[in-house]
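Structure at a glance
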Amino acid sequence: MSAISLSGMDGIEFATALQADNATRLVPLVLLCDEPTKRLDAIRAGASAVLSLPVDVDELRARVGALSRVRAVTSELESAQNVVFALATAMEQKDSYTEGHGERVGMFSRSLAEHIGLKDELVHAVQIGGLLHDVGKIGIPDRILNKPGPLTPDEFEVIKRHPVAGWEICRHLRSLGDATLHCIRNHHERLDGTGYPDKLPDSDIPITTRITTICDVFDALATARAYKPAFPTETCFKILREESERGWWDKELVEAFIEMMNERQLFRAINRAKLKPLFARPPAPPSDA
Ligand SMILES: [Fe+2]
Ligand SMILES: [Fe+2]
């Protein structure tokens, strides 16, 4: 099996090693196989194509050409994704209060998804959804985003556009699945249907989006913003429980979140330097988190 032998690895081991590393998992790999029974193993290991020995040179050339074209398109898509991640970072840096917010919401979301036993694919989806959930704020004027006083109804309407704006930015990225896009568009929905932008009922809010919402609300409560102080962790838990009693958040998921945070002590991830109170208006509802 295989024309490749590196450090004693055969072709299947080499393909497996490439797949295991994010830096190389998209590199096209053609394996040459002299045992028909191993063709399936080679494909399962991540080979982009498997050719039989003796090799037909014209077929090999054609396969390599086709895979190179696919790789070029994939690289463009990866670049587009990098631009969106850069946008999310740039957006957070517009406001020192929210710096690291997306990263923490992504980390909390991943941990909660793991804690309740979601499959790996959904764990990844909520981590990326958390990271990018507020990317739509990039289009909100700083004077509104960082306003230390109460927002006017018109200003709040502008803030409320950010989930759809973020979804519009991200929906063209094929690497983001439906679960992640839903987290971005619908992280301000409430189970009683009073959230935004789509006023979704309980039955239309998947577990992945519920996770993003709870982690987002917690981080907004636990850190200082231009309009509110940072609340102690226990106060944040109490508010989450009260709001779940009110019908906003998933009660069981809030309890699982609190259990996970206590087990993993993740609240230490919040940058204590950002917790100083510097605020002029009374605490706002977490709906503009
Ligand atoms: Fe948001
Ligand atoms: Fe947020």
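Since the structure is predicted, the reported quantities are computational estimates derived from the model, not experimental observations.

Mapped onto the elements of the fold, Phe-85 is located in helix H3 (residues 57-93). Residue Phe-85 is classed as partly exposed on the basis of its C-beta count, with 14 C-beta atoms lying within 10 Å. C-alpha separation for the pair Phe-85 and Cys-170, spaced 85 residues apart in sequence, amounts to 9.9 Å.

Turning to helix H8 (residues 162-170), a few remarks are in order. Within the sequence span of H8, burial applies to His-162, Pro-163, Gly-166, Trp-167 and Cys-170. The buried residues of H8 all sit within an arc of 140° when viewed along its axis, so they share a single face.

Of all hydrophobic cores here, the largest spans 41 residues; its most connected members are Val-126, Leu-132, Cys-170, Ile-214, Cys-215, Phe-218 and Leu-240. Residue contributions to this core peak at eight residues, all from helix H10 (residues 207-222). Each residue touching Leu-132, except ones within four places of it in the same chain, is listed here: Val-84, Ala-88, Gly-102, Gly-166, Cys-170 and Ile-184. Core analysis: the next-biggest nonpolar cluster, separate from the first, contains nine residues, Cys-33, Ala-42, Ala-45 and Val-50 among them.

Cut-offs and rules
- Residues numbered from 1 in each chain as written.
- Chains lettered and ligands numbered in written order.
- Predicted model: local features only at pLDDT ≥ 70, side-chain atom pairs only at ≥ 80, totals over all residues.
- Helix = DSSP H or I, 4+ residues; strand = E, 2+ residues; numbered from the N terminus.
- Buried ≥ 20, exposed ≤ 12 C-beta atoms within 10 Å, placed from the backbone.
- Arc of directions from axis to C-beta.
- Core = buried A, V, L, I, M, F, W, Y, C linked by C-beta atoms within 7 Å.
- Contact = placed C-beta atoms within 7 Å.

Such coordinate-based values are descriptive only and should not be taken to indicate function.
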